[in-house]
Amino acid sequence: MEILLVKEVRKSFGKAEVLKGVSFSVRSGEVFGFVGPNGAGKSTTMKVIMDLIRPDSGEVLLFGRPSSDPEVRKRVGFLPEHPYFYTNVTGREFLKFLQLSLYPEGSLFWERVSYYAEKLQIDWAMDKKLSEYSKGMLQRFGLLQAVVGEPELLILDEPMSGLDPIGRRLVADLILELKERGKTVFFSTHILPDVERICDRACVIIDGRITDVVESGELQNIEEIFMERVREIGVREVL
Ligand SMILES: Nc1ncnc2c1ncn2[C@@H]1O[C@H](COP(=O)(O)OP(=O)(O)OP(=O)(O)O)[C@@H](O)[C@H]1O
Ligand SMILES: [Mg+2]
């Protein structure tokens, strides 16, 4: 079953068309990778999926329903590209706000916080102010807030970005654990060996168009496929 369907999505910023009819789908229970050069449109696609920006045309269905449906949003955890929390609060205080706004009934919430904070090795920092977190600590905290509600679908924009080798491994293992527990994970990354190791399928986006959907049997060739497509199409000049 398709848990996420992106259909012919177009989006322009000013005169620049950034998404040129993006279509793909993610099946329930899979780990689906999203790769493409800088500026290809990955984060924009993810923001459209999360209903943070509106497409000019096309549609997104989450669990078969429009992404603007508030019921749908509760079933999705999102790690934005820049999970920077400028607030002068501690990790625990931030999560308290999250609990109050999203999971007021959740007695298991703080157990989950402990579980995932330990997994992500960020438990020792929960009473430090977020403004004092390092880049990698913020990244780990961003992941924690995305997974702590146990959503069915995770949309993670470069979850391994800024992490040390141990952190990268922890996150890869966490994604596989979530999959084992029946969750679906859609994530973007530039680390192609991670795609090969943990994804069931992946798609390639270049210059606002999906060029390939790579099936599991072909994932070991993802790097060659990627390079080949970039050679064919070229990468739009970044101004
Ligand atoms: N708010 C915006 N206003 C104008 N242009 C934008 C805006 N957001 C994104 N863009 C442009 O859209 C294009 C795609 O950006 P996007 O952030 O989706 O790329 P990406 O694939 O996530 O790249 P990266 O790998 O560097 O994260 C870029 O050319 C970018 O400059
Ligand atoms: Mg991006």
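Just so it is clear, the structure is predicted and the values come from calculations on it, not from any experiment.

Scoring rules and cut-offs
Residues numbered from 1 in each chain as written. Chains lettered and ligands numbered in written order. Predicted model: local features only at pLDDT ≥ 70, side-chain atom pairs only at ≥ 80, totals over all residues. Pairing = 2+ DSSP bridges. Helix = DSSP H or I, 4+ residues; strand = E, 2+ residues; numbered from the N terminus. Axes fitted to C-alpha atoms, helices over the stretch in contact; angles between N-to-C directions. Contact = placed C-beta atoms within 7 Å. Near = placed C-beta within 6 Å. Nonpolar A, V, L, I, M, F, W, Y, C, P; charged D, E, K, R; others polar. Domains from an automatic or database assignment. Buried ≥ 20, exposed ≤ 12 C-beta atoms within 10 Å, placed from the backbone. Expected span 1.5 Å × (residues − 1). Arc of directions from axis to C-beta. Core = buried A, V, L, I, M, F, W, Y, C linked by C-beta atoms within 7 Å.

## So, the sheet that holds strand E9 (residues 201-206)
Turning to step 1, where the next piece is worked out: Taken in spatial order, the 6 strands of this open sheet run E6-E7-E8-E3-E9-E10, and their pairing is mixed. Whereas interior strands pair on both sides, the edge strands pair on one side only; in this sheet they are strand E6 (76-79) and strand E10 (209-214). Here the strands of the sheet are splayed against their neighbours by 15° on average, with no regard to which way each runs.
Turning to step 2, where the next piece is worked out: With 4 bridges connecting them, E6 and strand E7 (residues 153-157) associate as parallel partners. Within E7, the residue paired with Phe78 across the bridge is Ile155.
Turning to step 3, where the next piece is worked out: Its contacts with the sheet place helix H1 (residues 42-49) against strand E3 (31-35), E7, strand E8 (184-188) and E9, and it is angled at close to 145° to E7.
Turning to step 4, where the next piece is worked out: Relative to E9, helix H8 (residues 222-233) is tilted by about 20°, and along the sheet it contacts E3, E9 and E10.

## Here's the deal with the pairing of strand E1 (residues 2-13)
Turning to step 1, where the next piece is worked out: Judged from the 9 bridges that link them, E1 and strand E2 (residues 16-27) form a sheet pairing that is antiparallel. Bridge pairing in E2 places Glu2 opposite Arg27.
Turning to step 2, where the next piece is worked out: Here E1 folds back onto E2, and the loop between the two strands holds 2 residues, one of which, Gly14, carries a positive phi near 60°.

## Overview of the site of ligand 1
Turning to step 1, where the next piece is worked out: Surrounding ligand 1, one finds Phe13, Val18, Gly36, Asn38, Gly39, Ala40, Gly41, Lys42, Ser43, Thr44 and Glu81.
Turning to step 2, where the next piece is worked out: Take the shell around ligand 1: its biggest share by element is 3 residues, from H1.
Turning to step 3, where the next piece is worked out: Classifying every residue of the shell around ligand 1 by side-chain character gives 3 nonpolar, 6 polar and 2 charged.

## Let's talk about the sheet that holds strand E4 (residues 57-62)
Turning to step 1, where the next piece is worked out: Overall, antiparallel pairing links the 4 strands, which are arranged E2-E1-E4-E5 in an open sheet. Where the open sheet ends on each side, the last strands, each with one partner, are E2 and strand E5 (65-66).
Turning to step 2, where the next piece is worked out: Bridging between E4 and E5 involves 2 bridges; their strand directions are antiparallel. Bridge assignment links Leu62 to a residue of E5, and that residue is Arg65.

## Section: the domain arrangement of the protein chain
Turning to step 1, where the next piece is worked out: By domain assignment, the protein chain separates into domain 1 (1-75 + 152-162 + 181-239) and domain 2 (84-150).
Turning to step 2, where the next piece is worked out: Averaged C-alpha coordinates put domain 1 and domain 2 at centres separated by 26 Å.
Turning to step 3, where the next piece is worked out: With 6 residues of domain 1 at the contact, the number on the domain 2 side is 7 residues.
Turning to step 4, where the next piece is worked out: When the residues that make up the side of domain 1 that touches domain 2 are grouped by side-chain class, the tally is 3 nonpolar, 2 polar and 1 charged.

## Considering unusual backbone geometry
Excluding glycine, residues mostly have negative phi values, and the peptide bonds linking residues are mostly trans.
Turning to step 1, where the next piece is worked out: Although it is not a glycine, Asp51 adopts a positive phi angle of roughly 65°.
Turning to step 2, where the next piece is worked out: By the secondary structure assignment, Asp51 is in the loop between H1 and E4.
Turning to step 3, where the next piece is worked out: For Asp51, a count of 18 C-beta atoms within 10 Å gives the class partly exposed.
Turning to step 4, where the next piece is worked out: In the Ramachandran plot, Glu150 falls in the positive-phi region, its phi being about 50° despite a non-glycine side chain.
Turning to step 5, where the next piece is worked out: Mapped onto the elements, Glu150 comes out in the loop between helix H5 (135-147) and E7.

## A word on helix H6 (residues 165-180)
Turning to step 1, where the next piece is worked out: Counted at 1.5 Å a residue, the expected span for H6 with its 16 residues is 22 Å, and the 23 Å between its end C-alpha atoms agrees.
Turning to step 2, where the next piece is worked out: Restricting attention to buried positions, one finds in H6 the residues Gly167, Val171, Ala172, Leu174 and Ile175. Down the axis, H6 shows its buried residues gathered within 160° of arc, on one side only. Residues of H6 that are exposed and point more than 90 degrees away from the buried face comprise Pro165, Ile166, Asp173, Glu177 and Glu180.

## Re the environment of Met1
Turning to step 1, where the next piece is worked out: Within the element layout of this structure, Met1 appears in the segment before E1.
Turning to step 2, where the next piece is worked out: Note: C-alpha distance between Met1 and Ala146 (145 residues apart in sequence) is 23 Å.
Turning to step 3, where the next piece is worked out: In this structure Met1 touches Arg27 and Ser28, once residues within four positions along its chain are discounted.

## Digging into the nonpolar core
Turning to step 1, where the next piece is worked out: Formed by 63 residues in total, the largest nonpolar core has its most connected members in Leu144, Ile155 and Ala202.
Turning to step 2, where the next piece is worked out: In terms of residues, this core owes the most to one element, H5, which gives 7 residues.
Turning to step 3, where the next piece is worked out: Inspection of this core shows a minimum of three residues originating in each of domain 1 (1-75 + 152-162 + 181-239) and domain 2 (84-150).

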